[in-house]
Amino acid sequence: MQTCNLYNMAGKLTTEKKLNKLLEEGVSRPSNAPPTKPLIRRVTHTLRARYDEKESNRYYFEPISVAIGPLHHEKDPEKSSRFEIAEECKLQLAAMFIKYGGSGEGKEDFYNNVKEEIDSLRKCYDPKEVENWNDEELAWMFLVDGCALLQFIFLDVNNKWEEFGGKNDRVAFAKLDIFLLENQLPYRLLEILIDSCTRVPIKGGEANPQKELKDSITELINKSFLSPFEQQQLQTQENSPIHIPQEQPQQHQIQVDPPQEPAHLLELLRKRLIEVKSEKEDNEKQDIWRNTFRSVKELKEKGIVFKAREKSSGVITKIDFNYRYFCIPTLTLAPILVDDTTMPKLLNLIACEMCPDLKNEYEITSCVSFLDSLIDSGEDVKELRDAGVLHNALGSDQAVAELFNKIGENLVPNPEMYTGLKNRIQKYCNRRWAKDAQIWHTYFRSLWSIIVFVGAFAGLVMTGMQTYNSFNDN
């Protein structure tokens, strides 16, 4: 608004005054001083214009079934008819959460505790998104949406929807809407409501509900990208419910500097999926190669084998390439579940990384871009599926390939991420035995081709011997 005023006043001011006004506005809004936490804001027009499909009415950044938070919440009931059914369900879920989670007069603590921190909760959003909400309205909206969200998550991960009568189709769409950037609630709000609980929010629930509710959030996050095998593996190791290990090796630590709570659930999911780059990776950036390799198919022809990481702990950005003399070169990737929710989740994670106030290295963006470079067709997806890297719950292999190609088409990844990995792959591809492996893959890719070659070679040898014997006899 101030910039527009400057343009309007340009013809009324002298050059000196215009420059002074420009400098004042620039200094008053420093770009190098982001907030301590990223604000909940709308997706940038650049990203929305690239991926939204207006012809098919497919929008990846707007809620389908339920509006959570102020960005898509209409205070006027006549304008919120699109989410009318969801609003009724939210009231029922919130009432269930407060009824069973509170006790006696303590039920008022839910609202009072939210109202007490309403100023700090308001600051979690882009100011222009909440300027039309007074404190009472905002506190009530936070109470209903926050309680409904926590109750929804708890019922879902504990398979207790029969107590609420939820339908599978509505639950599926609502789970998708939970991880939209524009549909987020401050994580601090969830903590306030969890701490206000005195019992687990179900009929006959026990006391000390904080661990149960926090574990249900963790399990929901884990199920978002983990393959069914990994979910079962973590559940076996840590006992139900699944949870994130509190301590991890240095190379697997979540990249948060300094450590702080996430701004919202989407950022919590992002932290769950990334890792800190090792010093070795950073040192290898100095050796730059021109990457000539392309798809999984081409790398396989070079003799490279693809393998799913056995213990990825849900970190999808960790990718390794190992090769030694007399050993099979192996590219190891984390298993990823691909279904109908994968594209909106990845796009909203990428949108989260593009927020101007989130300090990050574009880890998810770079990882998806690397996967896109490996996947050109359904054949590449099949190879990764056979290796256990991709778990296809979407449909055909070609559909999965098109998904990654569509996302990766317009991405701007971190140019330094995976540079060392790509250099090691390129270094291997330039070696002599990689070219020999390609010849072997081209001409001896099946058992019958090997048998034909051996038979032809034996026939040539026998023909040569007969010719030699015939020559000696003469």
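Residues numbered from 1 in each chain as written. Predicted model: local features only at pLDDT ≥ 70, side-chain atom pairs only at ≥ 80, totals over all residues. Heavy atoms only, no water.

### Thoughts on the overall build of the chain
Within the chain, the secondary structure is distributed over 22 helices and five strands. Here the chain holds 474 residues, and the buried ones make up 45% of them. Of the contacts formed within the chain by residues at least 6 apart in sequence, a portion of 73% connects residues at least 24 apart. Counting only carbon and sulfur atoms, one obtains 52% of the accessible surface of the chain, whose full area is about 26000 Å². (Helix = DSSP H or I, 4+ residues; strand = E, 2+ residues; numbered from the N terminus. Buried < 20%, exposed > 50% of the residue type's maximum accessible area, 1.4 Å probe, protein only. Contact = heavy atoms within 4.5 Å. Areas by Shrake-Rupley, 256 points an atom, 1.4 Å probe, with all protein chains shown as cover.)

### Some words on the confidence of the model for the chain
Taken residue by residue, the chain gives an average pLDDT of 79. The fraction at 70 or more is 71%. Here residues 240–258 scores under 50 on pLDDT; set against residues more than four positions off or in separate chains, the count is 35 contacts. Confidence over residues 436–444 falls short of pLDDT 50; this stretch has 14 contacts with residues more than four positions distant or in other chains. (pLDDT = per-residue confidence, 0-100.)

### Digging into the packing of helix α16 (residues 342–353) against helix α19 (residues 397–408)
When two helices pack together, their arrangement is given by the angle between the helix axes and by the axis-to-axis distance. Closest axis-to-axis distance for the α16/α19 pair is 11 Å, and the angle between their directions is 20 degrees. Put simply, α16 runs roughly parallel to α19. For the pair α16 and α19, the sense of crossing is right-handed. Side by side, α16 and α19 meet where Thr342, Met343, Leu346, Leu347 and Ile350 of the first sit next to Leu403, Phe404, Lys406 and Ile407 of the second. Here the residues of the contact of α16 with α19 are counted per class, giving seven nonpolar, one polar and one charged. (Axes fitted to C-alpha atoms, helices over the stretch in contact; angles between N-to-C directions. Parallel < 35°, antiparallel > 145°, perpendicular 65-115°, else oblique. Left-handed = near helix turned anticlockwise from the far one by under 90°. Nonpolar A, V, L, I, M, F, W, Y, C, P; charged D, E, K, R; others polar.)

### Focus: the sheet that holds strand β1 (residues 305–308)
Strands sit in the order β1-β3-β2 across an open sheet of three strands; the sheet is mixed. Of all the strands in the sheet, just β1 and β2 (320–322) have a single pairing partner and so form its edges. Between one strand and the next, the sheet's axes are offset by a mean angle of 25 degrees, whatever the strand orientation. Here β2 pairs with strand β3 (residues 330–333) via three bridges, running antiparallel. Each bridged residue has a counterpart across the sheet, and for aspartate 320 the counterpart in β3 is threonine 332. (Pairing = 2+ DSSP bridges.)

### Quick look at the packing of helix α18 (residues 378–386) against α19
The geometry of α18 relative to α19 is characterised by a closest axis approach of 7 Å and an angle of 105 degrees between their N-to-C directions. The pairing of α18 with α19 is recorded here as roughly perpendicular in orientation. Residues Gly378, Val381, Lys382 and Arg385 of α18 form the contact with α19, whose own contacting residues are Asp397, Gln398, Val400 and Ala401.

### Observations regarding empty space enclosed by the protein
One pass over the structure, following the stated rule, counts five cavities of 30 Å³ or more. The space that makes up the largest cavity amounts to roughly 50 Å³. Lining of the largest cavity is provided by Arg58, Tyr59, Tyr60, Glu62, Ile64, Leu176, Leu180 and Pro344. A per-class count over the lining of the largest cavity returns six nonpolar, no polar and two charged. (1 Å grid on protein atoms, 1.4 Å probe; cavity = no way out; pocket = protein on both sides within 12 Å on 5 of 7 lines; lining within 4 Å. Points joined across faces, edges and corners; volume = space filled by probe spheres on them.)

### Thoughts on the side chain of arginine 309
With respect to the helices and strands, arginine 309 occurs in the loop between β1 and β2. At a separation of 3.5 Å, a polar atom in the side chain of arginine 309 contacts the main-chain carbonyl oxygen of lysine 318. (Polar contact = N/O pair within 3.5 Å; in protein donor to acceptor, adjacent residues only side chain to side chain.)

### A look at the nonpolar core
Core analysis: the biggest nonpolar cluster contains 110 residues, and Phe142, Leu265, Leu331, Leu390, Phe404, Ile407 and Ile425 have the highest contact counts within it. The element contributing the most residues to this core is helix α8 (residues 135–157), with 15 residues. Excluding anything up to four places from it in sequence, leucine 331 contacts Ile304, Val305, Phe306, Lys307, Ile319, Asp320, Phe321, Leu374, Leu421 and Ile425. (Core = buried A, V, L, I, M, F, W, Y, C linked by side-chain atoms within 4.5 Å.)

### Comments concerning the side chain of aspartate 380
Turning to its location among the elements, aspartate 380 is positioned in helix α18. No salt bridge is formed by the buried aspartate 380; the nearest opposite charge belongs to lysine 297, separated by 7.2 Å. Once residues within four sequence positions are removed from consideration, aspartate 380 is found in contact with Ser295, Val296, Lys297, Leu374 and Ile375. (Lys, Arg positive; Asp, Glu negative; His and termini not counted. Salt bridge = Lys/Arg side-chain N within 4 Å of Asp/Glu carboxyl O.)

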